[in-house]
Amino acid sequence: MKKDSKIIMPGADADDIVKEAQGLIARQLDASSRRNFLRQGLTLGGMAMLTGCDISDNTSVDKALVSISGFNDRVQAWLFGANRLAPEYAESMITRPFPFNAFYSEEDAPEVDPLSYRLQVAGKVLDKSTWSLAQLYQMAQVSQITRHICVEGWSAIGKWGGIPFSQFLKLVGADLSAKYVSFKCADDYYTSIDMATALHPQTLLALTYDGQILPRKYGFPMKLRMPTKLGYKNPKHIKLIEITNAYPGGYWEDQGYNWFGGS
Ligand SMILES: Nc1nc2c(c(=O)[nH]1)N[C@H]1C(S)=C(S)[C@@H](COP(=O)(O)O)O[C@H]1N2
Ligand SMILES: [Mo]
(Lines give C-alpha, C1' and ligand atoms only; values in the text may rest on other atoms or scores of the structure.)
(Ligands and ions follow the chains in the order given, each with its own letter.)
Protein backbone atom coordinates (compact mmCIF):
# COMPACT_ATOMS: atom_id res chain seq x y z
CA MET A 1 0.00 0.00 0.00
CA LYS A 2 1.36 3.39 -0.94
CA LYS A 3 1.53 5.97 1.79
CA ASP A 4 -0.41 8.55 -0.14
CA SER A 5 -3.54 6.45 -0.61
CA LYS A 6 -6.76 8.09 0.52
CA ILE A 7 -8.43 6.96 3.68
CA ILE A 8 -12.17 7.12 3.32
CA MET A 9 -13.65 4.74 5.85
CA PRO A 10 -15.21 6.97 8.48
CA GLY A 11 -14.84 6.06 12.11
CA ALA A 12 -11.99 3.60 11.72
CA ASP A 13 -8.25 3.99 11.69
CA ALA A 14 -5.30 1.74 11.02
CA ASP A 15 -4.95 0.63 14.64
CA ASP A 16 -8.58 -0.42 14.86
CA ILE A 17 -8.30 -2.41 11.65
CA VAL A 18 -5.14 -4.20 12.74
CA LYS A 19 -6.66 -5.00 16.16
CA GLU A 20 -9.86 -6.32 14.64
CA ALA A 21 -7.87 -8.43 12.19
CA GLN A 22 -5.73 -9.92 14.97
CA GLY A 23 -8.85 -10.89 16.90
CA LEU A 24 -10.55 -12.44 13.89
CA ILE A 25 -7.49 -14.33 12.74
CA ALA A 26 -6.78 -15.60 16.25
CA ARG A 27 -10.31 -17.03 16.33
CA GLN A 28 -10.07 -18.56 12.83
CA LEU A 29 -6.66 -20.22 12.81
CA ASP A 30 -5.76 -23.33 14.78
CA ALA A 31 -3.42 -22.87 17.73
CA SER A 32 -0.09 -23.69 16.03
CA SER A 33 -0.58 -21.69 12.87
CA ARG A 34 -1.92 -18.87 14.99
CA ARG A 35 1.33 -18.80 16.99
CA ASN A 36 3.45 -18.71 13.84
CA PHE A 37 1.29 -16.09 12.27
CA LEU A 38 1.13 -13.77 15.21
CA ARG A 39 4.78 -14.22 16.18
CA GLN A 40 5.72 -12.44 12.99
CA GLY A 41 3.50 -9.55 13.96
CA LEU A 42 0.66 -8.30 11.88
CA THR A 43 1.20 -4.96 10.22
CA LEU A 44 -1.23 -2.93 8.21
CA GLY A 45 0.94 -3.53 5.14
CA GLY A 46 0.70 -7.26 5.81
CA MET A 47 -3.06 -7.04 6.04
CA ALA A 48 -3.27 -5.16 2.76
CA MET A 49 -1.16 -7.84 1.12
CA LEU A 50 -3.19 -10.70 2.58
CA THR A 51 -6.56 -9.27 1.72
CA GLY A 52 -5.35 -8.86 -1.85
CA CYS A 53 -4.72 -12.63 -2.10
CA ASP A 54 -6.51 -14.63 -4.74
CA ILE A 55 -9.54 -16.09 -2.99
CA SER A 56 -9.06 -19.42 -4.76
CA ASP A 57 -5.68 -20.06 -3.06
CA ASN A 58 -5.82 -22.81 -0.49
CA THR A 59 -3.45 -21.65 2.22
CA SER A 60 -4.74 -21.65 5.77
CA VAL A 61 -4.36 -17.90 6.11
CA ASP A 62 -6.29 -17.41 2.92
CA LYS A 63 -9.08 -19.71 4.11
CA ALA A 64 -9.30 -17.71 7.30
CA LEU A 65 -9.51 -14.52 5.30
CA VAL A 66 -12.22 -15.87 3.04
CA SER A 67 -14.29 -16.84 6.06
CA ILE A 68 -13.88 -13.35 7.44
CA SER A 69 -15.01 -11.88 4.16
CA GLY A 70 -17.22 -9.30 5.84
CA PHE A 71 -14.14 -7.90 7.52
CA ASN A 72 -12.30 -8.07 4.20
CA ASP A 73 -15.03 -5.90 2.64
CA ARG A 74 -14.37 -3.23 5.24
CA VAL A 75 -10.59 -3.35 4.76
CA GLN A 76 -11.00 -3.15 1.00
CA ALA A 77 -13.41 -0.23 1.26
CA TRP A 78 -10.89 1.47 3.51
CA LEU A 79 -7.98 0.83 1.13
CA PHE A 80 -10.03 1.91 -1.90
CA GLY A 81 -9.35 5.56 -2.59
CA ALA A 82 -12.60 7.16 -3.78
CA ASN A 83 -10.83 8.61 -6.78
CA ARG A 84 -7.86 6.32 -7.31
CA LEU A 85 -7.81 5.46 -10.99
CA ALA A 86 -7.32 2.02 -12.51
CA PRO A 87 -4.77 1.90 -15.36
CA GLU A 88 -5.97 2.68 -18.88
CA TYR A 89 -4.33 1.20 -21.99
CA ALA A 90 -3.61 1.94 -25.66
CA GLU A 91 -5.92 0.65 -28.44
CA SER A 92 -3.11 -1.65 -29.59
CA MET A 93 -3.26 -3.53 -26.27
CA ILE A 94 -6.91 -4.60 -26.58
CA THR A 95 -7.26 -8.40 -26.24
CA ARG A 96 -8.74 -9.87 -29.43
CA PRO A 97 -10.98 -11.71 -29.32
CA PHE A 98 -12.15 -10.52 -25.92
CA PRO A 99 -13.27 -13.56 -23.83
CA PHE A 100 -16.90 -14.35 -23.05
CA ASN A 101 -17.84 -15.55 -19.58
CA ALA A 102 -21.10 -16.22 -17.74
CA PHE A 103 -22.62 -18.95 -15.58
CA TYR A 104 -23.78 -20.56 -18.87
CA SER A 105 -22.32 -20.92 -22.36
CA GLU A 106 -22.30 -18.22 -25.02
CA GLU A 107 -25.28 -19.47 -27.07
CA ASP A 108 -27.48 -19.22 -23.97
CA ALA A 109 -26.86 -15.47 -23.48
CA PRO A 110 -30.22 -13.69 -23.16
CA GLU A 111 -31.77 -12.09 -26.24
CA VAL A 112 -33.09 -8.68 -25.26
CA ASP A 113 -35.43 -6.89 -27.70
CA PRO A 114 -33.97 -3.40 -28.27
CA LEU A 115 -37.32 -1.75 -29.06
CA SER A 116 -39.34 -2.92 -26.10
CA TYR A 117 -36.42 -2.78 -23.63
CA ARG A 118 -36.83 -0.33 -20.74
CA LEU A 119 -34.25 0.16 -18.01
CA GLN A 120 -35.99 0.28 -14.61
CA VAL A 121 -34.77 2.41 -11.71
CA ALA A 122 -36.00 1.67 -8.18
CA GLY A 123 -35.44 2.29 -4.48
CA LYS A 124 -34.05 5.47 -2.94
CA VAL A 125 -34.30 7.65 -6.03
CA LEU A 126 -36.51 10.63 -6.96
CA ASP A 127 -37.19 9.80 -10.62
CA LYS A 128 -38.33 6.22 -11.19
CA SER A 129 -39.08 6.69 -14.90
CA THR A 130 -38.00 3.89 -17.18
CA TRP A 131 -35.41 4.48 -19.93
CA SER A 132 -35.56 3.38 -23.55
CA LEU A 133 -32.33 2.59 -25.37
CA ALA A 134 -32.91 5.56 -27.69
CA GLN A 135 -32.93 7.88 -24.67
CA LEU A 136 -29.75 6.36 -23.26
CA TYR A 137 -27.92 6.46 -26.62
CA GLN A 138 -28.66 10.21 -26.84
CA MET A 139 -26.78 11.00 -23.63
CA ALA A 140 -23.13 12.16 -23.70
CA GLN A 141 -20.84 9.14 -23.97
CA VAL A 142 -17.27 8.49 -22.94
CA SER A 143 -15.05 5.46 -23.49
CA GLN A 144 -12.11 3.84 -21.74
CA ILE A 145 -9.72 0.95 -22.33
CA THR A 146 -9.22 -1.03 -19.14
CA ARG A 147 -8.35 -4.50 -17.86
CA HIS A 148 -11.08 -6.93 -16.81
CA ILE A 149 -9.91 -9.48 -14.23
CA CYS A 150 -11.88 -12.69 -13.67
CA VAL A 151 -11.29 -14.79 -10.53
CA GLU A 152 -11.40 -17.90 -12.74
CA GLY A 153 -7.83 -17.04 -13.72
CA TRP A 154 -7.85 -14.84 -16.80
CA SER A 155 -7.70 -11.16 -17.53
CA ALA A 156 -8.17 -9.19 -20.74
CA ILE A 157 -8.06 -5.60 -21.94
CA GLY A 158 -11.18 -4.18 -23.57
CA LYS A 159 -12.75 -0.90 -24.61
CA TRP A 160 -16.14 0.07 -23.22
CA GLY A 161 -18.14 3.20 -23.92
CA GLY A 162 -21.17 4.68 -22.25
CA ILE A 163 -22.47 7.07 -19.62
CA PRO A 164 -20.44 7.84 -16.48
CA PHE A 165 -22.57 6.10 -13.85
CA SER A 166 -22.21 8.98 -11.36
CA GLN A 167 -23.88 11.28 -13.92
CA PHE A 168 -26.75 8.86 -14.38
CA LEU A 169 -27.25 8.52 -10.61
CA LYS A 170 -27.31 12.31 -10.18
CA LEU A 171 -29.69 12.73 -13.11
CA VAL A 172 -32.28 10.38 -11.62
CA GLY A 173 -31.90 11.93 -8.17
CA ALA A 174 -30.44 8.85 -6.49
CA ASP A 175 -29.81 9.14 -2.74
CA LEU A 176 -26.01 9.28 -2.91
CA SER A 177 -25.77 8.62 0.82
CA ALA A 178 -27.40 5.20 0.41
CA LYS A 179 -25.10 2.22 0.99
CA TYR A 180 -25.69 0.02 -2.07
CA VAL A 181 -26.56 0.01 -5.73
CA SER A 182 -27.96 -3.34 -6.84
CA PHE A 183 -28.46 -4.74 -10.33
CA LYS A 184 -30.87 -7.32 -11.69
CA CYS A 185 -30.10 -8.80 -15.10
CA ALA A 186 -32.05 -10.36 -17.95
CA ASP A 187 -30.40 -13.76 -17.29
CA ASP A 188 -31.23 -13.98 -13.54
CA TYR A 189 -27.75 -12.79 -12.60
CA TYR A 190 -27.64 -10.13 -9.90
CA THR A 191 -24.97 -8.26 -8.00
CA SER A 192 -24.48 -5.12 -5.94
CA ILE A 193 -21.81 -2.53 -5.23
CA ASP A 194 -20.91 0.09 -2.64
CA MET A 195 -21.93 3.70 -3.36
CA ALA A 196 -18.27 4.89 -3.43
CA THR A 197 -17.58 2.58 -6.38
CA ALA A 198 -20.85 3.57 -8.08
CA LEU A 199 -19.63 7.18 -8.01
CA HIS A 200 -16.03 6.38 -9.05
CA PRO A 201 -15.02 8.38 -12.17
CA GLN A 202 -14.22 5.22 -14.18
CA THR A 203 -17.52 3.42 -13.41
CA LEU A 204 -19.50 3.37 -16.67
CA LEU A 205 -23.01 2.39 -17.63
CA ALA A 206 -21.57 0.77 -20.75
CA LEU A 207 -23.60 0.70 -23.97
CA THR A 208 -20.79 -0.09 -26.42
CA TYR A 209 -17.89 -2.49 -26.76
CA ASP A 210 -14.95 -1.50 -29.01
CA GLY A 211 -16.99 1.26 -30.64
CA GLN A 212 -20.00 -0.95 -31.50
CA ILE A 213 -23.33 -1.35 -29.71
CA LEU A 214 -22.64 -3.82 -26.90
CA PRO A 215 -22.91 -7.30 -28.47
CA ARG A 216 -25.25 -9.86 -26.93
CA LYS A 217 -22.39 -11.96 -25.54
CA TYR A 218 -20.85 -8.98 -23.71
CA GLY A 219 -24.12 -7.89 -22.11
CA PHE A 220 -26.56 -6.21 -24.54
CA PRO A 221 -28.15 -3.79 -24.01
CA MET A 222 -25.94 -2.57 -21.17
CA LYS A 223 -23.52 -3.59 -18.47
CA LEU A 224 -21.88 -1.81 -15.59
CA ARG A 225 -18.16 -1.58 -16.30
CA MET A 226 -15.87 -1.00 -13.31
CA PRO A 227 -12.11 -1.38 -13.78
CA THR A 228 -11.78 -1.18 -9.97
CA LYS A 229 -13.78 -4.39 -9.47
CA LEU A 230 -13.36 -8.07 -10.40
CA GLY A 231 -15.31 -9.49 -13.36
CA TYR A 232 -18.20 -10.98 -11.37
CA LYS A 233 -19.05 -7.55 -9.94
CA ASN A 234 -19.64 -6.19 -13.50
CA PRO A 235 -23.27 -7.08 -14.34
CA LYS A 236 -24.23 -7.63 -17.99
CA HIS A 237 -27.78 -7.41 -19.47
CA ILE A 238 -28.93 -4.99 -16.75
CA LYS A 239 -32.69 -4.54 -16.52
CA LEU A 240 -33.10 -2.99 -13.06
CA ILE A 241 -30.95 -0.64 -10.98
CA GLU A 242 -31.95 -0.21 -7.34
CA ILE A 243 -30.58 2.20 -4.74
CA THR A 244 -30.89 0.66 -1.29
CA ASN A 245 -29.61 0.41 2.27
CA ALA A 246 -30.62 -3.26 2.56
CA TYR A 247 -27.68 -5.56 1.68
CA PRO A 248 -28.55 -7.05 -1.74
CA GLY A 249 -25.79 -9.71 -2.13
CA GLY A 250 -25.13 -11.22 -5.54
CA TYR A 251 -25.22 -14.41 -7.62
CA TRP A 252 -21.62 -15.44 -6.81
CA GLU A 253 -21.38 -13.41 -3.60
CA ASP A 254 -24.21 -15.48 -2.08
CA GLN A 255 -22.12 -18.59 -2.87
CA GLY A 256 -19.09 -17.29 -0.99
CA TYR A 257 -17.29 -14.87 -3.30
CA ASN A 258 -16.11 -11.76 -1.48
CA TRP A 259 -18.73 -9.02 -1.74
CA PHE A 260 -16.43 -6.00 -2.21
CA GLY A 261 -14.56 -7.80 -5.01
CA GLY A 262 -11.98 -5.09 -5.64
CA SER A 263 -9.33 -5.58 -8.34
N1 LIG B 1 -25.67 -10.94 -16.37
C2 LIG B 1 -24.49 -11.50 -16.11
N3 LIG B 1 -23.43 -10.69 -15.86
C4 LIG B 1 -22.22 -11.23 -15.60
C5 LIG B 1 -22.02 -12.64 -15.56
C6 LIG B 1 -23.15 -13.47 -15.83
O7 LIG B 1 -23.09 -14.72 -15.83
N8 LIG B 1 -24.36 -12.86 -16.11
N9 LIG B 1 -20.76 -13.17 -15.30
C10 LIG B 1 -19.77 -12.26 -14.66
C11 LIG B 1 -18.38 -12.74 -14.77
S12 LIG B 1 -17.88 -13.92 -13.66
C13 LIG B 1 -17.49 -12.22 -15.69
S14 LIG B 1 -15.86 -12.67 -15.71
C15 LIG B 1 -17.93 -11.21 -16.68
C16 LIG B 1 -17.60 -11.66 -18.10
O17 LIG B 1 -17.87 -10.62 -19.01
P18 LIG B 1 -17.50 -10.80 -20.55
O19 LIG B 1 -18.38 -11.89 -21.12
O20 LIG B 1 -17.76 -9.47 -21.17
O21 LIG B 1 -16.06 -11.20 -20.60
O22 LIG B 1 -19.32 -10.93 -16.59
C23 LIG B 1 -19.83 -10.87 -15.28
N24 LIG B 1 -21.18 -10.39 -15.36
MO1 LIG C 1 -15.58 -13.84 -13.72
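Residues numbered from 1 in each chain as written. Chains lettered and ligands numbered in written order. Predicted model: local features only at pLDDT ≥ 70, side-chain atom pairs only at ≥ 80, totals over all residues. Heavy atoms only, no water.

Caption draft 1: Broad picture of the pattern of salt bridges. Counted under the stated rule, the structure contains five salt bridges. Note that E91 and K159 form a salt bridge whose closest N and O atoms lie 2.7 Å from each other. Residue E91 is located in the loop between α5 (69-79) and β1 (120-123), and its partner K159 is located in strand β3 (residues 154-164); the two are separated by 68 residues in the primary sequence. You can call E91 partly exposed: its relative accessible area is 43%. On the basis of relative accessibility, which here comes to 17%, the residue K159 falls in the buried class. One salt bridge connects R96 with D210, and the closest N-O pair in it is separated by 2.6 Å. Here D210 lies in the loop between β6 (204-209) and β7 (212-213) and R96 lies in the loop between α5 and β1, a separation of 114 residues in the sequence. (Salt bridge = Lys/Arg side-chain N within 4 Å of Asp/Glu carboxyl O. Helix = DSSP H or I, 4+ residues; strand = E, 2+ residues; numbered from the N terminus. Buried < 20%, exposed > 50% of the residue type's maximum accessible area, 1.4 Å probe, protein only.)

Caption draft 2: Spatial organisation of unusual backbone geometry. Omega for the bond connecting R96 with P97 falls within 30 degrees of zero, at -5°, which places this linkage in the cis form. The residue P97 is located in the loop between α5 and β1 in this model. A cis amide bond links F220 with the next residue in sequence, P221, at an omega value of 5°. Residue position: P221 is located in the loop between β7 and β8 (223-225). Phi angles above zero are rare outside glycine, and D210 is one such case at about 50°. Residue D210 is classed as partly exposed on the basis of its relative accessible area of 25%. A positive phi angle, near 50°, is found at H237, a position not held by glycine. Relative to the helices and strands, H237 resides in the loop between β8 and β9 (238-244).

Caption draft 3: How the structure looks around the nonpolar core. Ranked by internal contacts, the top residues of the largest apolar core, which has 30 residues, are L136, F165, F168 and I241. In this view, I241 contacts L119, Q120, V121, A122, F165, F168, V181, S182, F183 and L205; residues no more than four positions away in its chain are not counted. I94, F98, W160 and Y209 belong to the second-largest nonpolar core, a separate cluster that totals 10 residues. (Core = buried A, V, L, I, M, F, W, Y, C linked by side-chain atoms within 4.5 Å. Contact = heavy atoms within 4.5 Å.)

Caption draft 4: Highlighting the sheet that holds strand β4 (residues 180-185). The strand order across the open sheet built from four strands is β1-β9-β4-β5, with neighbouring strands paired in mixed fashion. Strands at the two margins of the open sheet, each flanked by one partner only, are β1 and β5 (190-194). Taken pair by pair, the neighbouring strands of this sheet meet at an average axis angle of 20°, ignoring direction. (Pairing = 2+ DSSP bridges. Axes fitted to C-alpha atoms, helices over the stretch in contact; angles between N-to-C directions.)

Caption draft 5: Region of interest: the environment of F98. Here F98 shows up in the loop between α5 and β1. Under the relative-accessibility criterion, F98 is labelled buried at 9%. Residues F98 and Y209 lie 111 residues apart in sequence; the distance between their C-alpha atoms is 9.9 Å.

Caption draft 6: Structural context of the packing of aromatic side chains. Counting across every chain of the model gives 20 aromatic pairs. Taking the centre distance of 5.9 Å and the plane angle of 45° together, the rings of F165 and F183 count as tilted. Of this pair, F165 sits in helix α7 (residues 165-171) while F183 sits in strand β4; the two residues are 18 residues apart in sequence, bridging distant segments of the chain. F165 gets classed as buried once you look at its relative accessible area, which sits at 0%. Assessed through its relative accessible area of 1%, F183 is described here as buried. Ring centres 4.8 Å apart and planes at 75° place the aromatic pair Y232 and Y257 in the edge-to-face group. Of this pair, Y232 sits in the loop between β8 and β9 while Y257 is found in the segment after β9, placing the two residues 25 residues apart along the sequence. (Phe/Tyr/Trp six-rings, centres within 6.5 Å; stacked < 30°, edge-to-face > 60°.)

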